[in-house]
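If you want the building blocks of each chain, they are given just below.
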Amino acid sequence: MSTPAPETPRRFRVHHLRQAKERGEPLTMLTAYDAVTARVFDEAGVDLLLVGDSVGDNMLAHDSTIPVTVDEMVVATRAVARVTRRAMVVADLPFGSYEASPAQCHATAVRLVKEAGAHAVKFEGGTHLAGHVELLTRSGIPVVGHLGFTPQSENILGGKRVQGRGEEAADRLVADALALADAGAVAVVLEMVPAPVADRVTEVLPVPTIGIGAGNGCDGQVLVWTDMAGMGSWSPRFARRYAELGAALGAATRQYVTEVRTRAFPGPEHTYES
């Protein structure tokens, strides 16, 4: 008797976001930039995979996310989407590819959905981009907003600084979040925001908030995977290092180098006979 094919996991979709918020079930999100890590995270049960423009400063050796191009985002998103069976794949719109007009935003988003296979897109900004969100939503492209510290704007923000401190700034952040949700955003990322402010946004917003450095009261959490896995010597304060994969990879590499140089590898078990 033939063995039945394994059941394909149910795809995590837009309506599951609202359902999770209504049930109080925290959402999980990690960045992914390639097929190898995307497959691991998907099989581990992560709800959303963010193909972030953080590929710039984590994978492409840039100092920030600003130099990342649309073409680079298409390549990374395509790799992630091809191996993902359950998670929702969200792709960032990189700096300079959406700000000028809703039409520019739409054109970039279409590339990431049509050419790369993204299920949703994310871009940074509040009330002034509500028209962008509306157009994409009408076109069938789900949008995830991004408020608080917005890395693409770090030059005008004065660097990587916590946002939303003070009553006026907090009110403005709440207003921006509501404007995005009213325009059709399916979720909003809150980055480096004081926890009480993030809690306030989460309480009034009808769609989920996903925090990164925004406390435990958000509807979900996201981390850059290299921070989560301890791939570098440093991680930001808000990131917990769940492993030290960088050190483990370094140790494995040093052992490989030693065994090749001493001819311990390859051994008989790694060798084909004639």
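Residues numbered from 1 in each chain as written. Predicted model: local features only at pLDDT ≥ 70, side-chain atom pairs only at ≥ 80, totals over all residues. Heavy atoms only, no water.

The name an unreviewed UniProt entry gives the protein chain is 3-methyl-2-oxobutanoate hydroxymethyltransferase, with Georgenia muralis as the organism. The Subunit (unreviewed entry) comment attached to the protein chain in UniProt states, word for word, "Homodecamer; pentamer of dimers." According to the UniProt record, the Pathway (unreviewed entry) comment for the protein chain is "Cofactor biosynthesis; (R)-pantothenate biosynthesis; (R)-pantoate from 3-methyl-2-oxobutanoate: step 1/2." (UniProt positions renumbered as here; feature names shortened; annotations may be inferred.)

Colleague: Which residues make up unusual backbone geometry, and what are the values?
Modeller: Across the junction of F265 and P266, the peptide omega takes the value 0°, indicating a cis bond. Note on placement: P266 falls in the segment after α11 (245–261). Although it is not a glycine, A61 sits at a positive phi angle of roughly 65°. Within the secondary structure layout, A61 lies in the loop between α3 (55–58) and α4 (70–83). Looking at A61, the relative accessible area reads 72%, which means it is exposed. Positive phi, close to 50°, is recorded for M192, a residue that is not glycine. The topology assignment puts M192 in the loop between β6 (187–191) and α9 (195–204). A relative accessible area of 15% means that M192 is categorised as buried. (Helix = DSSP H or I, 4+ residues; strand = E, 2+ residues; numbered from the N terminus. Buried < 20%, exposed > 50% of the residue type's maximum accessible area, 1.4 Å probe, protein only.)

Colleague: For the side chain of T77, give the residues involved together with the corresponding values.
Modeller: Along the chain, T77 falls in helix α4. Residue T77 is classed as buried on the basis of its relative accessible area, which comes to 0%.

Colleague: Give a detailed account of the UniProt feature "active site" (unreviewed entry) in the protein chain, specifying residues and quantitative values.
Modeller: As annotated in UniProt, the feature "active site" (unreviewed entry) corresponds to E191 in the numbering used here. Residue position: E191 is located in strand β6. Discounting chain neighbours no more than four positions away, the residues touching E191 are H146, L147, G148, F149, P151 and I212. A polar contact of 2.9 Å, which involves the side chain of E191, links it to the side chain of H146. (Contact = heavy atoms within 4.5 Å. Polar contact = N/O pair within 3.5 Å; in protein donor to acceptor, adjacent residues only side chain to side chain.)

Colleague: Let's hear about the pairing of β6: which residues, and what values?
Modeller: Of all 5 residues in β6, 5 are buried; the element is thus mostly enclosed. Pairing of strand β5 (residues 143–148) with β6 involves 5 bridges; the strand directions are parallel. Within β6, the residue paired with V144 across the bridge is A187. Taken together, the 4 bridges between β6 and strand β7 (residues 209–212) define a ladder with parallel strand orientation. From the neighbouring strand, V188 faces β7, where its bridge partner is T209. In the classification by handedness, the crossover that spans β6, the intervening α9 and the parallel β7 is right-handed. (Pairing = 2+ DSSP bridges. Right-handed = clockwise from strand over helix to strand, strands pointing away.)

Colleague: Give a description of the pairing of β7 that names residues and reports values.
Modeller: Of the two faces of β7, the one carrying T209 and G211 and the one carrying I210 and I212 are both buried. Where β7 meets strand β8 (residues 220–223), 2 bridges bridge the pair, whose relative direction is parallel. By the bridge assignment for β8, I210 is matched with G220.

Colleague: So, the pattern of salt bridges: which residues are in play, and what are the values?
Modeller: What the rule picks out here adds up to 9 salt bridges. Between E167 and R200 there is a salt bridge whose closest N-O contact spans 3.5 Å. One end of the pair, E167, is in helix α8 (residues 167–183); the other, R200, is in helix α9, and 33 residues separate them in sequence. Under the relative-accessibility criterion, R200 is labelled partly exposed at 31%. Here R241 ties to E244 by a salt bridge, and the two come within 2.7 Å at their closest N and O atoms. (Salt bridge = Lys/Arg side-chain N within 4 Å of Asp/Glu carboxyl O.)

Colleague: A description of the UniProt feature "binding site: 3-methyl-2-oxobutanoate" (unreviewed entry) in the protein chain should follow, citing residues and the corresponding values.
Modeller: With numbering matched to this structure, UniProt assigns "binding site: 3-methyl-2-oxobutanoate" (unreviewed entry) to D53, S54, D92 and K122. In terms of the greatest pairwise C-alpha distance, the residues named above, spread along 70 residues, form a tight cluster of at most 12.3 Å across. Mapped onto the secondary structure, D53 falls in the loop between β2 (48–51) and α3. Its relative accessible area of 4% is what places D53 among the buried residues. In contact with D53, other than residues within four places in its own chain, are T65, V68, M73, D92, P94, E124 and Q152. With respect to the element layout, D92 can be found in strand β3 (residues 88–92).

Colleague: With reference to specific residues and values, describe the packing of helix α5 (residues 102–115) against helix α6 (residues 130–138).
Modeller: Look at α5 against α6: their axes get within 9 Å of each other, and the N-to-C directions meet at 45°. Here α5 lies oblique to α6, going by the angle between them. Viewed along their axes, α5 and α6 form a crossing whose handedness is right-handed. Across the interface between the two elements, P102, A103, C105, H106 and A109 from α5 touch G131, H132, L135 and L136 from α6. (Axes fitted to C-alpha atoms, helices over the stretch in contact; angles between N-to-C directions. Parallel < 35°, antiparallel > 145°, perpendicular 65-115°, else oblique. Left-handed = near helix turned anticlockwise from the far one by under 90°.)

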